Amino acid sequence: MNSTLAYLRGRRLWVVENVSVWGKLSAFAGNFLLTEETSSSKRLLFWQVMLGGDRQQINFADLVDINGNALPDEISRPKVVVMPKTDVDVIVVGRESNRSFTIAKTDETSSSGLVDLMIFEVGV
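This write-up is about the structure you can find in this document. For every chain, the first residue of the written sequence is number 1, and numbering continues from 1 along that sequence. Where totals are concerned, whole chains, interfaces and linings use all residues; where local detail is concerned, this predicted model gives features only for residues with pLDDT of at least 70, and gives and counts side-chain atom pairs only at 80 or more. Only heavy atoms go into the side-chain values, all of them from the structure, while hydrogens and water stay out.

What follows covers the packing of aromatic side chains. Within 6.5 Å between ring centres, the rings of Phe, Tyr and Trp (the latter by its six-membered ring) count as paired, and their orientation is classed by plane angle as stacked under 30 degrees, edge-to-face over 60, tilted in between. Under the definition given, this model contains two aromatic pairs. Taking 5.8 Å as the distance between ring centres and 20° as the angle between the ring planes, the aromatic pair formed by F32 and W47 counts as stacked. Residue F32 is found in strand β2 (residues 28-37), and its partner W47 is found in strand β3 (residues 42-51); the two are separated by 15 residues along the sequence. Partly exposed describes any residue whose relative accessible area lies between the buried limit of under 20% and the exposed limit of over 50%, with all areas from a 1.4 Å probe on protein chains only and scaled to the type maximum. Since its relative accessible area comes to 33%, F32 is described here as partly exposed. Each helix is a run of DSSP H or I of at least 4 residues and each strand a run of E of at least 2, with the numbering of both proceeding from the N terminus.

Once that is clear, we can look at the side chain of K105. You can see K105 is positioned in strand β7 (residues 100-105). Within 3.5 Å is the distance limit for a polar contact, defined as a pair of N or O atoms, with the added protein rule that one can donate a hydrogen and the other accept it, and that residues adjacent in sequence qualify only through two side-chain atoms. Engagement of the side chain of K105 in a polar contact is seen with the backbone oxygen of S111, the distance being 2.7 Å. Only heavy atoms matter for contacts: two residues are in contact if any of them lie within 4.5 Å across the pair. Each residue touching K105, except ones within four places of it in the same chain, is listed here: V21, W22, G23, K24, L25, V88, D89, V90, S110, S111 and S112.

Time to look at the sheet that holds strand β1 (residues 13-21). Strand order in the open sheet made by the three strands is β1-β8-β5, with antiparallel pairing throughout. Of all strands in the sheet, those bounded by a partner on one side alone are β1 and β5 (78-84). Pairs of neighbouring strands in the sheet enclose a mean axial angle of 25°, with direction left out of account. Pairs of strands are assigned from DSSP output, requiring at least two bridges between the strands. Note on definitions: angles span 0 to 180 degrees between N-to-C directions of axes, and those axes are lines fitted to C-alpha atoms, for helices only across the stretch in contact.

Before going further, it helps to examine the environment of S20. On the secondary structure map, S20 appears in strand β1. Take S20: its relative accessible area is 40%, and that puts it in the partly exposed class. C-alpha of S20 to C-alpha of L114: the two residues are 94 residues apart in sequence and 4.7 Å apart in space.

Attention now moves to the pattern of salt bridges. For this document, the term salt bridge refers to a Lys or Arg side-chain nitrogen within 4 Å of an Asp or Glu carboxyl oxygen. A full pass over the atoms with the stated rule returns five salt bridges. With its nearest N and O atoms 2.6 Å apart, the salt bridge here joins E36 to R43. Among the residues examined, R43 registers a relative accessible area of 46% and is labelled partly exposed. Two residues, K79 and E96, come together in a salt bridge whose shortest N-O distance is 3.3 Å.

Let us look at the sheet that holds β7. Taken together, the three strands give an open sheet; going across it, the order is β4-β7-β6, and neighbouring strands pair in antiparallel fashion. The open sheet has two edge strands with one neighbour each: β4 (56-59) and β6 (90-93). Between one strand axis and the next, the sheet turns by 35° as a mean value, whatever way the strands run. Looking at chain direction, β6 and β7 are connected through four bridges and run antiparallel.

Written as structure tokens, this is what we have:
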């Protein structure tokens, strides 16, 4: 057997069906820098504001796999693979954390995307 396949099969794996994705990739975390100078002080302000649509954050604890089992609250170094069921393109945005991941549709459409998710634990 292929060593990579054997490694992946030795880890925990979940398949979650029919996840509705409404989040939009057009959401952008804008970083802003402002300087302020008064007669007595100088300040440098930094903040981050979300512009555009809302990305969708999903917690692993909120998901149920195809066997009816709830996923654990925390998964060690998870990887999420999106398997689309409609023509709306969906991607995982950024990096998955041990407790959640962010997902969004890439199309500027009003309809939601429907996907299946394959989530596997890479481990330490």
